[in-house]
Amino acid sequence: MTLTETSTHATIDARIGSFSSGGAEPALATEMAGSAAGMLVIMDRAFPGVALWKAYT
């Protein structure tokens, strides 16, 4: 999972996890919330959940 700047494609943060654990991608995205402070974040529609959105607000 990466947090990537849109125009320059610079990687801001990254996490490595397993596909075998259910819900792994939203959990990894939540871990990166601190790196996105002050940024406009656009997420894929496959990332629902109150905990995730609260982490980014």
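Quick note: structure is the one above.
So, how was this worked out
Residues numbered from 1 in each chain as written. Predicted model: local features only at pLDDT ≥ 70, side-chain atom pairs only at ≥ 80, totals over all residues. Heavy atoms only, no water. Helix = DSSP H or I, 4+ residues; strand = E, 2+ residues; numbered from the N terminus. Rg over C-alpha atoms; globule rule 2.2 N^0.38 Å. Pairing = 2+ DSSP bridges. Polar contact = N/O pair within 3.5 Å; in protein donor to acceptor, adjacent residues only side chain to side chain. Buried < 20%, exposed > 50% of the residue type's maximum accessible area, 1.4 Å probe, protein only. Salt bridge = Lys/Arg side-chain N within 4 Å of Asp/Glu carboxyl O.

**Section: the overall build of the protein**
For the protein, the helix and strand inventory stands at two helices and two strands. Along the protein, helices and strands appear, N-terminal first, in the series β-β-α-α. What you see for the protein is a C-alpha radius of gyration of 11 Å, in line with the 10 Å of a compact globule of 57 residues. Taking the principal axes of its C-alpha atoms as reference, the protein extends roughly 30 × 20 × 20 Å.

**With respect to the pairing of strand β2 (residues 11–14)**
Along any regular strand the residues' side chains alternate between the sheet's two faces. Judged from the three bridges that link them, strand β1 (residues 2–4) and β2 form a sheet pairing that is antiparallel. Considered in β2, the bridge of threonine 2 is made with alanine 14. The hairpin turn running from β1 into β2, its antiparallel successor, is six residues long, and histidine 9 in that turn takes a positive phi close to 65°.

**Section: the side chain of aspartate 13**
Among the secondary structure elements, aspartate 13 is positioned in strand β2. Within the local environment of aspartate 13, its side chain forms a polar contact with the side chain of arginine 15, the two groups lying 2.7 Å apart. At 2.7 Å, the side chain of aspartate 13 and the side chain of serine 35 are in polar contact.

**With respect to the environment of serine 18**
Mapping serine 18 onto the fold places it in the loop between β2 and α1 (24–31). Residue serine 18 is classed as partly exposed on the basis of its relative accessible area, which comes to 37%. Sequence-wise, serine 18 and leucine 28 are ten residues apart; in three dimensions their C-alpha atoms are separated by 9.9 Å.

**Points about unusual backbone geometry**
For histidine 9, which is not glycine, the phi dihedral falls at a positive 65°. Its location among the elements puts histidine 9 in the loop between β1 and β2. Look at histidine 9 and you get exposed, because its relative accessible area is 61%.

**With respect to the pattern of salt bridges**
Pairing is possible between side chains that carry opposite charge, provided their charged atoms lie close to one another. What the rule picks out here adds up to two salt bridges. Aspartate 13 is paired through a salt bridge with arginine 15; the nearest N and O atoms lie 2.7 Å apart. Classification of aspartate 13 as buried rests on a relative accessible area of 13%. Residue arginine 15 is classed as partly exposed on the basis of its relative accessible area of 27%. Taken together, the shared-partner salt bridges connect Asp13, Arg15 and Glu31 into one network.

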